[in-house]
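Architecture and fold: a report
The residues making up each chain are set out below.
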Amino acid sequence: MLVVGLGQLSTPYGVEQGGWAYSSTLLIGLGIMCTYTSHILGKCLRRYPTKLRSYADIGGQAFGSKGRILVSTFIYMEIFMALISYTISLHDNLITVFLGTILKLNLAKLSTSQLLTIVAVFIALPTMWIRDLSSISFLSTLGILMSVVIFVSLAAAAVFGGVLTNHSIPVFQMHNIPSISGLFLFSYGGHIVFPNIYKAMKDPSKFKKLFLVSIVSFTIVTALYMIIGFLGAKMFGPNVNSQFTLSMPPKQIITKIALWATVLTPMTKYALEFAPFAIHLEHRLPSSMSGRTKMVIRGCAGSIFLLIILALALSVPYFEHVLSLTGSLVSAAVCLILPCSFYLKIFWGQIAKPLLLLNFFLIILGFFLGVMGTISSSRSLVESFQAHHSS
């Protein structure tokens, strides 16, 4: 999944804040709903197999050029905001890794954590110049490996780290539901890559097998979130951080491994997430332009893009609020609202009444969760920002 690294970091916080009854219902429910919406995306692709190649293409087919622009905007917003969240995570975990380290720069009034984050981002900056897709796929594999390491580290801390799993989890916390919904929605936000996977298949006619793969994938991801969420909430209780790695026992080797894996994960994501922008940019450049010139333009654009993300992440370092806002504002649309809207528009008149009602229900649910979560997370973000600057 596109954002499983960040999703697993925040799940224990979500379970603790939302309560076990709501969290388990929503995690399982979203797993089922997102499996269905990934399936109907595939059906839309199969309807026009030669014309549609991407998520944006489906939007264009369903709602014309304006639909394509709207869908592309949501896609780029999701990538952009996800990378801001990754950079905030990098900032938060770096200062814990280098606890006690003091850096000073006379030219700028920056804290040690901010300077460490700037150094880390500049180390990752050359990856934005990579044009070889095989190298980018290697970064993706490395990112998945880091996610596995983080999961294993939490389990090891519970078994070998001396952390007791004796905290009680609230049943239901009504006042936290909007923001927690955004966190969980973000955790399932990988739909923009499904059309690309479908088109990359040697035999797209075997899409039914891909549907089975999506069922298995969402089942595994949901089980992973459930295990991490409930284990982390039982381990750390009300004091659990929005990133559980920051709640793990300090100075233990298991914690160090988890922190380093969390630090390395964002650094593997930048080039991978920038790839759609880069490909679109290269297609827009004149065909008469040399490959070297295109590479320079692509690299410079990627570097500027990354520096803007860095500046925003350091300005608004509130991980859980930014993550919840991304899930509510963008992921609700990408995972629920848009796939169902595409399906209804493209197959209108051919859909059985029960499925028709199901798709309308998912659209309404997506709007409800999105609007409520956006209002809640935006308010929390503003309040945190004001409190920080007033102090």
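Note that the structure is a prediction, hence the values are computed from the model and not measured.

**Side note on the overall build of the protein**
Scanning the protein for helices and strands turns up twelve helices and zero strands. When the elements of the protein are put in sequence order from the N terminus, they spell out α-α-α-α-α-α-α-α-α-α-α-α. With the C-alpha coordinates of the protein rotated into their principal frame, the extents come out at 60 × 55 × 40 Å. Counting every position in the protein, which comprises 391 residues, the buried fraction comes to 53%. A total accessible area of about 17900 Å² is found for the protein, and carbon and sulfur atoms account for 69% of it. Computed over 26 positive and 10 negative side-chain charges, the separation of the two mean positions in the protein equals 9 Å.

**Notes on the pattern of salt bridges**
Counting across every chain of the model gives one salt bridge. Taking the shortest distance from any N to any O, the salt bridge between Asp57 and Arg68 comes out at 2.8 Å. Judged by relative accessible area, Asp57 falls into the buried class, the value being 14%.

**Observations concerning helix H12 (residues 353-390)**
Working note: α-helix, 3.6 residues per turn, so residues spaced by three or four point in the same direction. For H12, built from 38 residues, the straight-helix expectation of 56 Å at 1.5 Å per residue is met to within 8% by its first-to-last C-alpha distance of 55 Å. Next to the buried residues of H12 lie helix H2 (20-47), helix H6 (177-187) and helix H11 (319-346).

**Quick notes on a nonpolar patch on the surface**
A surface patch of nonpolar side chains, about 440 Å² in accessible area, is lined by Trp20, Val171, Phe172 and Met174. Summarising the element assignment, Phe172 is placed in the loop between helix H5 (133-160) and H6. On the accessibility criterion, Phe172 (45% relative accessible area) is partly exposed.

**Side note on helix H4 (residues 112-124)**
When the terminal C-alpha atoms of H4 are compared, their 19 Å separation across 13 residues agrees well with the 18 Å that a helix rising 1.5 Å per residue should span. Among the residues making up H4, those that are buried are Thr112, Ser113, Gln114, Leu115, Leu116, Thr117, Ala120, Val121 and Ala124. Buried residues along H4 sit in contact with helix H3 (55-97), helix H9 (253-284) and helix H10 (291-315).

**Overview of the confidence of the model for the protein**
Low pLDDT marks regions whose predicted coordinates should not be analysed in detail. The share of residues in the protein with pLDDT of 70 or more is 91%, and the mean pLDDT across the chain is 86. At the level of individual helices and strands, the protein shows its lowest average pLDDT in helix H7 (residues 194-200), which scores 66, and its highest in H11, which scores 94.

**Focus on the packing of H4 against H10**
Interhelical geometry of H4 versus H10 gives an angle of 160 degrees and a closest axis separation of 11 Å. As far as their axial angle goes, H10 and H4 are roughly antiparallel. Along this stretch, H4 crosses H10, giving a crossing that reads as right-handed. Counted together, Gln114, Thr117, Ile118, Val121 and Phe122 of H4 and Leu306, Leu307, Leu310 and Leu314 of H10 form the full contact between these two elements. The residue inventory of the contact of H4 with H10, partitioned by class, reads seven nonpolar, two polar and no charged.

**Observations regarding the packing of aromatic side chains**
Counted under the stated rule, the structure contains nine aromatic pairs. Taking 5.6 Å as the distance between ring centres and 70 degrees as the angle between the ring planes, the aromatic pair formed by Tyr55 and Phe342 counts as edge-to-face. Here Tyr55, found in helix H3, pairs with Phe342, found in helix H11; they are 287 residues apart in sequence, far enough to count as distant. With a centroid separation of 6.3 Å and an interplanar angle of 50 degrees, the aromatic rings of Phe63 and Phe342 are classed as tilted. With Phe63 in helix H3 and Phe342 in helix H11, this pair connects stretches of sequence that are 279 residues apart. Overall, the relative accessible area of 41% leaves Phe63 in the partly exposed class. Through successive ring pairs, a cluster of aromatic residues spans Tyr55, Phe63 and Phe342. The lysine or arginine in question, Lys43, covers the ring of Phe347, its NZ or CZ lying 5.7 Å from the ring centre.

**Here we look at the side chain of Ser242**
Secondary-structure assignment places Ser242 in the loop between helix H8 (207-236) and H9. Overall, Ser242 belongs to the buried group, its relative accessible area being 7%. A distance of 3.4 Å separates polar atoms of two side chains, one belonging to Ser242 and the other to Asn241. For Ser242, the side chain forms a polar contact with the side chain of Glu320, separated by 3.2 Å. In this structure, Ser242 is in contact with Leu9, Ser10, Tyr13, Phe319 and Glu320, ignoring residues within four places of it in sequence.

**A short note on the state of the cysteines**
Simply put, the disulfide is a covalent bond whose two ends are the sulfur atoms of two cysteines. Going through the model one piece at a time under the given rule, you end up with zero disulfides. No disulfide involves Cys340; its sulfur sits 9.7 Å from that of Cys44, the nearest cysteine.

About the thresholds
Residues numbered from 1 in each chain as written. Predicted model: local features only at pLDDT ≥ 70, side-chain atom pairs only at ≥ 80, totals over all residues. Heavy atoms only, no water. Helix = DSSP H or I, 4+ residues; strand = E, 2+ residues; numbered from the N terminus. Buried < 20%, exposed > 50% of the residue type's maximum accessible area, 1.4 Å probe, protein only. Areas by Shrake-Rupley, 256 points an atom, 1.4 Å probe, with all protein chains shown as cover. Lys, Arg positive; Asp, Glu negative; His and termini not counted. Charge placed at Lys NZ, Arg CZ, Asp CG, Glu CD. Salt bridge = Lys/Arg side-chain N within 4 Å of Asp/Glu carboxyl O. Expected span 1.5 Å × (residues − 1). Contact = heavy atoms within 4.5 Å. Patch = residues over 30% accessible without salt bridge, like charges linked within 9 Å, V, L, I, M, F, W, Y side chains within 5 Å. pLDDT = per-residue confidence, 0-100. Axes fitted to C-alpha atoms, helices over the stretch in contact; angles between N-to-C directions. Parallel < 35°, antiparallel > 145°, perpendicular 65-115°, else oblique. Left-handed = near helix turned anticlockwise from the far one by under 90°. Nonpolar A, V, L, I, M, F, W, Y, C, P; charged D, E, K, R; others polar. Phe/Tyr/Trp six-rings, centres within 6.5 Å; stacked < 30°, edge-to-face > 60°. Lys NZ or Arg CZ within 6 Å of the ring centre and 35° of its normal. Polar contact = N/O pair within 3.5 Å; in protein donor to acceptor, adjacent residues only side chain to side chain. Disulfide = S-S within 2.5 Å.

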